[in-house]
Amino acid sequence: MMKRWLTAIIICTFIFSLIVNPAGARLIEGGFTPYSDTKATSTDSGIKMYKVESGDTLWSIASTYNVSLDEIMLINNMDESTVLTIGQRIEIPYSRSRVHVVGKGETMWEIADRYGVRVDKILQANTDKSPTRLRVGDRLIIPDSSYKLASTNNNSVATASTSRGVTTASSGMGWPLVGTITSPYGWRNSGFHHGLDIAGNIGDPIRAATSGTVSFVGYKSLYGNTVIIDHPNGRSTLYAHASTFHVQNGQQVGQGDIIAEVGVTGRTTGPHVHFEVRKNGNTYDPLNYLRY
Ligand SMILES: [Zn+2]
């Protein structure tokens, strides 16, 4: 059994290394591995089927295929209590390299966070680029994006490995506000950004991402006027910088219900909603939960 597992892991690692580094070139420290553009523009993605074997858990499969547990559960409509049966087929999402054209003011860390890829993986795929010398218009190869959890949130990996504990969103969350994302989740110059910033106009409705019970309505330093909703799966969502509130503490809300209006309260430079997804004291990248 152990042997079969090892073989599977080795094969997957090998396939994966081909995806990340299709030229098969050795990545020597300080070395230069030029990439041709044709390889860089591969954008295929899709679903592959996996047949469950004895001893498999959702966590072990996710980890083997470098896919986030949440993503696997989401696609297969499973949750942490789902019992796998031998021979059952589950869908594994995959996506290969994409190309990102660097925009004004973007850093490699922001780009990495946006795609849920580790900076070192981007560097491996773009050995001619330096994170400190990115220029507007530079084309970056974004390697396999199915890293999401592994990259953007080390805490969640630790949680998952001890308890398989990252629960699923059995259906996606709705956007609290439709607008431009002005700051993604993750590291930025001023520190770790625990939420997703979506720009709007003062007075625009902020909507509950999914149904639950309002557990906080009030002012928090930095966050300003804030609503927190607790969801039945143990997650909570937070909406900050509001102007006025439309809900009270303890109120039940449904997905899409208007809970507040966009404002500029707390520390913010312009009207937007700062949206967080939390569980057990950790924050998670909202883009992993929001429906596209
Ligand atoms: Zn924010």
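First things first, this report covers the structure right here in the doc. (Residues numbered from 1 in each chain as written. Predicted model: local features only at pLDDT ≥ 70, side-chain atom pairs only at ≥ 80, totals over all residues. Heavy atoms only, no water.)

1. Examining the overall build of the chain
On a plain count of helices and strands, the chain comes out with eight helices and 16 strands. Evaluated residue by residue, the chain yields a buried proportion of 45% over its 292 residues. Within the chain, contacts between residues separated by at least 24 positions form 64% of all contacts whose residues are at least 6 apart in sequence. By element, 53% of the accessible surface of the chain is carried by carbon and sulfur atoms, the whole surface being about 14,500 Å². (Helix = DSSP H or I, 4+ residues; strand = E, 2+ residues; numbered from the N terminus. Buried < 20%, exposed > 50% of the residue type's maximum accessible area, 1.4 Å probe, protein only. Contact = heavy atoms within 4.5 Å. Areas by Shrake-Rupley, 256 points an atom, 1.4 Å probe, with all protein chains shown as cover.)

2. Some thoughts on the packing of aromatic side chains
Overall, the coordinates contain three aromatic pairs when judged by the stated rule. On the numbers, 5.2 Å between centres and 85° between planes, the contact of tryptophan 187 with phenylalanine 192 is edge-to-face. By relative accessible area, phenylalanine 192 is classed as partly exposed at 27%. Aromatic pair tyrosine 239 and phenylalanine 275: ring centres 5.3 Å apart, planes at 40°, arrangement tilted. Of this pair, tyrosine 239 sits in strand β12 (residues 236-245) while phenylalanine 275 sits in strand β15 (residues 272-279), placing them 36 residues apart in sequence. Take tyrosine 239 and phenylalanine 275: they sit in the same class, and that class is buried. Grouped by ring-pair contacts, the aromatic residues Tyr185, Trp187 and Phe192 constitute a single cluster. For the cation-ring pair, lysine 220 lies above phenylalanine 216, with the distance from its terminal atom to the ring centre recorded as 4.7 Å. (Phe/Tyr/Trp six-rings, centres within 6.5 Å; stacked < 30°, edge-to-face > 60°. Lys NZ or Arg CZ within 6 Å of the ring centre and 35° of its normal.)

3. Focus on the pairing of β15
The buried fraction of β15 amounts to seven of the eight residues, a majority that puts the element mostly inside the structure. Two elements, strand β8 (residues 196-199) and β15, share four bridges in a ladder whose sense is antiparallel. Bridged to aspartate 197 within β15 is histidine 274. Bridge count for β12 against β15 is five bridges, and the pairing is antiparallel. Counted as the bridge partner of leucine 238 is glutamate 276 from β15. Here β15 runs beside strand β16 (residues 282-284); their pairing, made up of three bridges, is antiparallel. Bridge pairing in β16 places arginine 278 opposite threonine 283. (Pairing = 2+ DSSP bridges.)

4. Regarding the nonpolar core
Grouped together as the largest cluster of nonpolar side chains are 24 residues, with contacts concentrated most on Ile206, Val227, Ile229, Tyr239 and Ile259. Elements with a contribution of two residues or more to this core: β8, β11 (224-230), β12, β14 (258-262) and β15. Once residues lying within four places of it in the same chain are set aside, the contact partners of valine 227 are Val214, Phe216, Thr237, Leu238, Tyr239, Phe245, Val247, Ile259 and Ala260. Core analysis: the second largest hydrophobic core is formed by 13 residues, Leu58, Leu69, Ile72 and Met78 among them. (Core = buried A, V, L, I, M, F, W, Y, C linked by side-chain atoms within 4.5 Å.)

5. Regarding helix α5 (residues 108-115)
Owing to its 3.6 residues per turn, the α-helix brings residues three or four apart onto one side. Within α5, six of the eight residues are buried, which leaves it mostly tucked inside the rest of the structure. By the burial criterion, the buried members of α5 are Met108, Glu110, Ile111, Ala112, Asp113 and Tyr115. The positive-phi residue at the C-terminal boundary of α5 is glycine 116, with phi of around 65°.

6. Description of the environment of valine 101
Mapped onto the elements of the fold, valine 101 is located in strand β3 (residues 98-101). Separated by 38 residues in the primary sequence, valine 101 and arginine 139 place their C-alpha atoms 4.6 Å from one another.

7. Quick look at the environment of arginine 133
Locating arginine 133 in the fold gives a position in the loop between α6 (119-125) and β4 (139-142). It is 9.2 Å that separates the C-alpha atoms of arginine 133 and threonine 107, two residues lying 26 residues apart in sequence.

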